[in-house]
Amino acid sequence: MTIALNNQEVVNLTTTEIPYHTDLTIEKLCYFLDISPKATNLITSMKFMLNTVERLNEFLQRSTFANHPLSLLTKMRKEHIDAHGYTDKATFVYDYYRGKQSALEKLFQEHMPAWKVNRLNSDDPERIYDVYAERGKYSTSGEVALFV
């Protein structure tokens, strides 16, 4: 693209488009973005949030404009909560009794291994949801665990 000012060429801009990778994996993404294998917390969060090739590619496309992969991951987590999170307590309670781990993962949009579930110190889904709502819809399981 060429920008002209008063019929004079000022600067010639070229745009680099990142190709869509049909075989993109977490490992390849970490290589492309120069993320160290020692960044285990970041990689664990990426594995949970970027669970499809489409989401991996979206992260790769958007990461060129982000300062740090963690800030982009946090932004994408919030967008996912806005688009797919629980909007009422009854649905969460129903899902909780059908599958505790998957309901908590959907609520917090973070990986919920057994130790995180146990950290909540409550098996009352209504109490968990109430504290979550009090703390704000972007609160993490760690924040909610402090107040349950």
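Residues numbered from 1 in each chain as written. Predicted model: local features only at pLDDT ≥ 70, side-chain atom pairs only at ≥ 80, totals over all residues. Heavy atoms only, no water.

**With respect to helix H5 (residues 89-98)**
Next, step 1: Turning to H5, its buried residues are Phe92, Val93, Asp95 and Tyr96. On an axial view of H5, the arc spanned by its buried residues comes to 165°, and they lie on one face. In H5, the exposed residues that point more than 90 degrees away from the buried face are Ala90, Tyr94, Tyr97 and Arg98.
Next, step 2: Sitting at the head of H5, aspartate 88 places a side-chain oxygen 3.3 Å from the backbone nitrogen of alanine 90. (Buried < 20%, exposed > 50% of the residue type's maximum accessible area, 1.4 Å probe, protein only. Helix = DSSP H or I, 4+ residues; strand = E, 2+ residues; numbered from the N terminus. Arc of directions from axis to C-beta. Polar contact = N/O pair within 3.5 Å; in protein donor to acceptor, adjacent residues only side chain to side chain.)

**Quick look at the pattern of salt bridges**
Next, step 1: Considering all chains together, one arrives at seven salt bridges under this definition.
Next, step 2: Across the pair aspartate 123 and lysine 100 runs a salt bridge, and its minimum N-O distance is 2.9 Å. Here the residue aspartate 123 occupies a position in the loop between helix H7 (114-119) and helix H8 (125-135), and lysine 100 occupies one in helix H6 (residues 100-108), the gap between them amounting to 23 residues.
Next, step 3: The class of lysine 100 is partly exposed, set by a relative accessible area of 32%.
Next, step 4: Ionic contacts of the salt-bridge type, sharing partners, join the residues Glu58, Arg62 and Glu79 into one network. (Salt bridge = Lys/Arg side-chain N within 4 Å of Asp/Glu carboxyl O.)

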